[in-house]
Amino acid sequence: MIFAALILILSTAMFFFYFQVTCQKVLRRQFDREYFQSIVNANRLEFPSLRKSLEEFGAPVDYPRLRMMLKCDFLALTYLLKNAANVNQRYSNEERLLILYFRWQFLSLAVRRLLKVGEKKAVLRLTSVLQYFANVVGQRVNTVRFGNLTAADYLLNL
Amino acid sequence: MDSGIVSYGFQYGCILIEAGLIVFLAQRSYGSRFDSVLLYLSCLLAAGVARSYTLHRYGYHSAQYSYVYYTTDFLLVISLFVLVCLFFRRACLHQEKMWRFVRLFLAFTTVLVVGISGLSFSHNYSRLFLEFVTEFNQNLYFTCLVLNTLLYLLLQQIESTDDQLGLLVCGVGIQFAGPAATWALLHLTANERFAQSLNSLVMRLCTLGMVLVWAYAIVPVRGRAVVTRSKAAVLAEVTAHLNI
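Residues numbered from 1 in each chain as written. Chains lettered and ligands numbered in written order. Predicted model: local features only at pLDDT ≥ 70, side-chain atom pairs only at ≥ 80, totals over all residues.

**Observations concerning the overall build of chain A**
Reasoning step 1: Along its length, chain A carries seven helices and zero strands.
Reasoning step 2: Taken from the N to the C terminus, the helices and strands of chain A come in the order α-α-α-α-α-α-α.
Reasoning step 3: Looking at chain A residue by residue over its 158 residues, the buried ones come to 30%.
Reasoning step 4: Put simply, 71% of the contacts in chain A that link residues at least 6 apart link residues at least 24 apart. (Helix = DSSP H or I, 4+ residues; strand = E, 2+ residues; numbered from the N terminus. Buried ≥ 20, exposed ≤ 12 C-beta atoms within 10 Å, placed from the backbone. Contact = placed C-beta atoms within 7 Å.)

Below is the structure:
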């Protein structure tokens, strides 16, 4: 009985551990440049400033406002992921996985808030997911805008 | 929605993705890098097809389905153990000294699992082969979960740059951890109906998860999530926009 309970606890913990590691490996993907900045500026997203304030100043943030900021950015970016320059108008498998990961981390943020442990870590993980989404949207928009044309190509064809 | 239908959906989805990955790996020449993955995927596919055929032919409660299910499960767990051993070999490819130690450790683990299962079987000799197989499978499964976690820690320790192996190990970890947890739950709840259906669902979901993570690791997609359009289409769109 005790052995089974121990296996249950260990295996469940390992399942979530592997799920998190897989998501973080997907998030480590390198983009050829920082596409997210243009998307952040165009849509007035707030996660970069939130991350900067946490990383540099460790500033205490108003929790309801923080939740609202993250949620709004998440909704905007998932809408863009699905609809901006996306021919199939649906999420890819890794996007679905990361959406699930974001929701899980969002839930974990609420629990961490209650227990008052590792809140900052959870917020940084959430912002890294948002940055990944913004990078993907930025890369798509960039590719669609220019196709395989350079500016010179386009002007020559006019 | 009926959990049985969802469960079968996952099962057939798995079979399709496994077949796709096998074809992909067979077409490309990756040397011996993915031989272990190819071997395990082939076993998984063969087991999936054999189980589906027996289920449709003889039904869920038949003795034939039961034998096919447990025999394929036995073969799958053995091949998973071989897969983890081969992943250890790949991780220690340039570290012969470490590999010698790991090899001994793996051999000791195998003897330990067979010994414990055999001991349990000899105490209850009246029990049938199927029960021995179930016990052996569960022991080896949990051992593989622990070994896989040790492999992950080893990769971190030696600061491996093989990201692909890292993802493959994570996939295997998902495949091990979910079912091990639900098996333990089955033990704790004395095979309650809810735990049984959860076990069946989680096993298929975890296999699907593993296959998808492997597909992500193996299939190279140039500029993932990039939409490309033809030169003419872009030109037409921009020109139309300028005319407006």
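**Details of the nonpolar core**
Reasoning step 1: Among the nonpolar cores identified, the biggest contains 82 residues, and F133 and A134 of chain A together with V84, I174, A177, A180 and W214 of chain B are the most heavily contacted of them.
Reasoning step 2: Per-element tally for this core: the top contributor is helix α6 (residues 163–188) of chain B, with twelve residues.
Reasoning step 3: When residues no more than four places from it in sequence are discounted, the contact partners of F133 of chain A are L77 and L81 of chain A. (Core = buried A, V, L, I, M, F, W, Y, C linked by C-beta atoms within 7 Å.)

**Here we look at unusual backbone geometry**
Residue and element names in this part refer to chain A.
Reasoning step 1: The phi dihedral of R44 falls on the positive side, at around 50 degrees, and the residue is not glycine.
Reasoning step 2: Counting through the fold element by element, R44 comes out in the loop between α2 (36–43) and α3 (47–57).
Reasoning step 3: The exposure class assigned to R44 is exposed, which follows from the 9 C-beta atoms found within 10 Å.

**Regarding the confidence of the model for chain A**
Reasoning step 1: For chain A, per-residue confidence averages 81 on the pLDDT scale, and 88% of positions sit at 70 or higher.
Reasoning step 2: The secondary-structure element of chain A with the lowest mean pLDDT is helix α7 (residues 151–157) of chain A, recorded at 53, while helix α5 (residues 93–115) of chain A shows the highest, at 88. (pLDDT = per-residue confidence, 0-100.)

**Brief notes about helix α4 (residues 63–83) of chain A**
All names here are of chain A.
Reasoning step 1: A rise of 1.5 Å per residue sets the reference length of α4, with its 21 residues, at 30 Å; its end C-alpha atoms lie 30 Å apart and thus fit the reference within 8%.
Reasoning step 2: Within α4, the full set of buried residues consists of M69, L70, D73, F74, L77, L80 and L81. For α4, the angular spread of the buried residues around the axis is 135 degrees, confining them to a single face. In α4, the exposed residues that point more than 90 degrees away from the buried face are P64, R65, M68, L75, Y79 and N83.
Reasoning step 3: Following α4 by one or two positions, A85 has its phi on the positive side, about 55 degrees. (Expected span 1.5 Å × (residues − 1). Arc of directions from axis to C-beta.)

**Details of the confidence of the model for chain B**
Residues and elements named next belong to chain B.
Reasoning step 1: Here chain B averages 79 in pLDDT, while 82% of its residues score no lower than 70.
Reasoning step 2: Confidence drops under a pLDDT of 50 for residues 225–230, and excluding neighbours within four residues, the segment shows 18 contacts in the predicted structure.
Reasoning step 3: Predicted complex, confidence summary: ipTM 0.74, pTM 0.76.

**Points about the packing of helix α2 (residues 35–58) of chain B against helix α3 (residues 63–91) of chain B**
All names here are of chain B.
Reasoning step 1: Between α2 and α3, the shortest axis-to-axis distance is 10 Å and the interhelical angle comes to 170 degrees. By the angle class used here, α2 and α3 are roughly antiparallel. From α2, S36, L39, Y40, C43, L44, A47, A50, R51, T54, L55 and Y58 reach across to α3, where they touch Q64, Y65, V68, Y69, T72, L75, L76, S79, L80, L83, L86 and F87.
Reasoning step 2: Taken together, the residues of the contact of α2 with α3 break down into 17 nonpolar, five polar and one charged. (Axes fitted to C-alpha atoms, helices over the stretch in contact; angles between N-to-C directions. Parallel < 35°, antiparallel > 145°, perpendicular 65-115°, else oblique. Nonpolar A, V, L, I, M, F, W, Y, C, P; charged D, E, K, R; others polar.)

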